[in-house]
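Structural characterization, general
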Amino acid sequence: MNPKNQNQLSTNSKKLQNFETVQNIKLFYYGGIALVAIGIGIWIFFYLRNPNFSKPRIANNPEDEYSDNSTMPPDVGLPTPSNPQTDNNNSGIGTQPSPGQKPSTPPPSSAPTTPAPSGIPDGVSVALDSIERNGIKNNPYVAMDTSSVPDGTTVHLDRSTWVAHGDSGSISGTINIMGQSYNGSLLLAPTNGKWMVTGYSMD
């Protein structure tokens, strides 16, 4: 074969190989682009079908700002509006306060009181609590001159010893005077519209 023809054939073979290489590169390049586009299309399709997907809201539109109940912030400090028909049917349940109105609460007691046993009038319990808490000297529930009673004198009364005597009554206990304890009793009777100590005895 002629050497010139051999060189020409060799050149043509190289050109053919280069062409095939370029075609293969283009095939991979465009194939890769097609796969990426298909993948993005599939992702967008499933993303739009997701029930949790929500369109962005316009912040300047107050009507659409909280149109979705799932994103609405909870009410803080606003009581539930009451329904008079349902409230009246619930035994022991009153009408709920209207929005912005604080529920009424009973005022706290000014001072704790000792539960009185059965048979002791409420006014007597108030007087006994005051005497035990504040002492007997200058006590507003003592209808006697207590100016000579030493400061710091304390009284502890046994409410189970209460005995009624018609419109009056007596109760026993201990009186601590200057570090010494004495057994004694107090006589109480209604005076000036309230129960007061009107006499006493000491053993």
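Residues numbered from 1 in each chain as written. Predicted model: local features only at pLDDT ≥ 70, side-chain atom pairs only at ≥ 80, totals over all residues. Heavy atoms only, no water.

1. Re the overall build of the protein
Each helix and strand counted, the protein has 3 helices and 5 strands in total. Start at the N end of the protein and walk to the C end: the helices and strands fall as α-α-α-β-β-β-β-β. For the protein, buried positions account for 18% of its 203 residues. Within the protein, contacts between residues at least 6 apart in sequence are counted, and of these 31% link residues at least 24 apart. (Helix = DSSP H or I, 4+ residues; strand = E, 2+ residues; numbered from the N terminus. Buried < 20%, exposed > 50% of the residue type's maximum accessible area, 1.4 Å probe, protein only. Contact = heavy atoms within 4.5 Å.)

2. So, the side chain of S130
With respect to the helices and strands, S130 occurs in helix α3 (residues 122-134). Its relative accessible area of 4% is what places S130 among the buried residues. Those residues in contact with S130 that lie beyond four places of it in its chain are G135, N139 and Y141.

3. Section: the layout of surface pockets
The volume enclosed by the largest pocket comes to roughly 200 Å³. Taken together, 13 residues form the lining of the largest pocket, with I136, V149, I177, Y200 and M202 sitting closest to its centre. Where the lining of the largest pocket is concerned, the elements lending two or more residues are β3 (168-177) and β5 (194-202). Considered class by class, the residues forming the lining of the largest pocket number 9 nonpolar, 3 polar and 1 charged. (1 Å grid on protein atoms, 1.4 Å probe; cavity = no way out; pocket = protein on both sides within 12 Å on 5 of 7 lines; lining within 4 Å. Points joined across faces, edges and corners; volume = space filled by probe spheres on them. Nonpolar A, V, L, I, M, F, W, Y, C, P; charged D, E, K, R; others polar.)

4. What to know about the confidence of the model for the protein
On average, residues of the protein score 74 in pLDDT, and 61% of them reach the 70 mark or higher. Overall, residues 64-95 carries pLDDT values under 50, and its contacts beyond four positions in sequence, including any with other chains, amount to 22 contacts. pLDDT under 50 marks residues 106-116. Its contacts with residues more than four places away, or in other chains, come to 7 contacts. (pLDDT = per-residue confidence, 0-100.)

5. Regarding the packing of aromatic side chains
One pass over the structure, following the stated rule, counts 3 aromatic pairs. Centre to centre, the rings of F45 and F46 are 5.3 Å apart; their planes meet at 80°, and the pair counts as edge-to-face. The class of F45 is partly exposed, set by a relative accessible area of 46%. Residue class for F46 comes out exposed when judged on its relative accessible area of 53%. Ring plane angle 75° and centroid distance 6.2 Å describe the contact between W162 and W195, whose orientation is recorded as edge-to-face. In this pair, W162 sits in the loop between β1 (154-157) and β2 (163-165) while W195 sits in strand β5, placing the two residues 33 residues apart along the sequence. Comparing W162 with W195, the two get one shared label, buried. (Phe/Tyr/Trp six-rings, centres within 6.5 Å; stacked < 30°, edge-to-face > 60°.)

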